[in-house]
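# Chain and residue survey
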Amino acid sequence: MKLNVLDLMKKGPVLGDGGYLIELERRGYVESGSRREKVGTGRGSGQFTPEVAIENPEALRELHREFLRAGSQVLQALTFFGTREKLTRSGYGAQTEAINAAAVKLAREVAGDRALVAGSVSRTQLIEREGMESLGRARDHIAEQIRLLKDTGVDFLILETFFHLAEMKAALECAVASGLPTVATMSFRPLISSCSDGHTPAQCAEVMSDLGAVAVGANCEQGPEVMLRLLREMRDASKVPIAAQPCAFRTTPECQSFTRLPQFPDELETIQLSRTEFVQFGKRARAEGVGYIGGCCGCNPAYIRAIADGLAESA
Ligand SMILES: [Zn+2]
């Protein structure tokens, strides 16, 4: 029988996969929106949505294959930014069911019995655009997507790239109610000292682990070295293992989030971190209490291979 993510974590850090949207944008299959609007504000319309799952499935299938070859034990279905709310703004709202179902099916086809399939659920962007009054609607959209992912048979959920703990709490309550094991990771910007509604990494970790996440941590925005600082704070406040999916971009002390730097999204190549930092990250993961390790934006399969090398050295 295939092990679930909890059983796998008991055997040591589980190696996830990397960032799909930035890599597929580089390959020409995802729209960044940068030619028509200021990307990264959350106020735009169609950037970085996952319609590639129905429009160019072969491109997505290939990237899944590459992550699997790199050593990923988990393939994330490309359902990031796949709520009806976000897809409607990019013109794909009517395909919400089709995009989520196709993304899970593709990941499952490639994973076979060699990897688990996770459904990726992200923030809606409603809170950034309309404030906390929209929290109820954000919850409804996230609940709908979680239902779709459960219906298509994902093995577990990864809630990621939430800026506000309030939206994460709403999402995590829906996820836990679905009965699926759930990994929960916040993203911190512009600094790692607190999330967008003012909670420290330690407070976020405590809340997420109390709500029933099987691993809690951070994803995106910082590279491994910077992220490790906030992960240690989370580790000390959490009852469950730490989950980490750093990005592969260099940030600055004044701005510790790559999506707030002027290089996002069209000059990311100039702040790309090398794979070496990810080998080091893999080496340290076990000792740092990391139970789930992968990469986010800027991490293509070479970076996952680098983490795998680091993990193997520390074993
Ligand atoms: Zn990312």
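Our subject is the structure that appears above.
First, a word on scope: everything that follows refers to the structure included in this document. Bear in mind that the values here come from a model prediction, so they are computed numbers and not experimental data. (Residues numbered from 1 in each chain as written. Predicted model: local features only at pLDDT ≥ 70, side-chain atom pairs only at ≥ 80, totals over all residues. Heavy atoms only, no water.)

## Concerning the nonpolar core
In terms of nonpolar packing, the biggest core is built from 90 residues, with Leu24, Met168, Met186, Met208, Leu231, Met234 and Phe258 touching the most fellow members. Sorting elements by how many residues they give to this core places helix H6 (residues 96–111) first, with 7 residues. Here Met208 is in contact with Leu165, Met168, Leu172, Ala184, Met186, Ala213, Val216, Gly217 and Met234, once residues within four sequence places are set aside. (Core = buried A, V, L, I, M, F, W, Y, C linked by side-chain atoms within 4.5 Å. Buried < 20%, exposed > 50% of the residue type's maximum accessible area, 1.4 Å probe, protein only. Helix = DSSP H or I, 4+ residues; strand = E, 2+ residues; numbered from the N terminus. Contact = heavy atoms within 4.5 Å.)

## Brief notes about helix H4 (residues 57–70)
Across its 14 residues, H4 extends 20 Å between first and last C-alpha, which sits within 8% of the 20 Å expected from 1.5 Å per residue. All of the buried residues in H4 are Ala59, Leu60, Leu63, His64, Phe67, Leu68 and Ala70. Lining the buried residues of H4 we find helix H2 (20–26), helix H3 (52–55), strand E2 (74–77), H6 and helix H13 (301–314). (Expected span 1.5 Å × (residues − 1).)

## With respect to unusual backbone geometry
The omega torsion across Arg189 and Pro190 is 0°, close enough to zero to call that bond cis. Inspection of the secondary structure assignment puts Pro190 in the loop between strand E5 (182–186) and helix H10 (201–210). Residue Phe81 is not a glycine yet carries a positive backbone phi of 55°. The topology assignment puts Phe81 in the loop between E2 and helix H5 (84–89). Given the relative accessible area of 6%, Phe81 is considered buried. With a phi angle near 80°, Gln125 is a residue other than glycine that sits in the positive phi range.

## Some remarks on the packing of aromatic side chains
Ring pairs (aromatic) are described by centroid distance and by the angle formed between their planes. Overall, the coordinates contain 7 aromatic pairs when judged by the stated rule. An angle of 65° between the planes, with centres 5.0 Å apart, marks the rings of Tyr20 and Phe67 as edge-to-face. Taken together, the positions of Tyr20 in helix H2 and Phe67 in helix H4 put the pair 47 residues apart, joining distant regions of the chain. Note on Tyr20: relative accessible area 5%, which makes it buried. We classify Phe67 as buried; its relative accessible area is 0%. On the numbers, 5.1 Å between centres and 90° between planes, the contact of Phe278 with Tyr303 is edge-to-face. With Phe278 in helix H12 (residues 276–285) and Tyr303 in helix H13, the pair connects residues that are 25 residues apart, well separated along the chain. (Phe/Tyr/Trp six-rings, centres within 6.5 Å; stacked < 30°, edge-to-face > 60°.)

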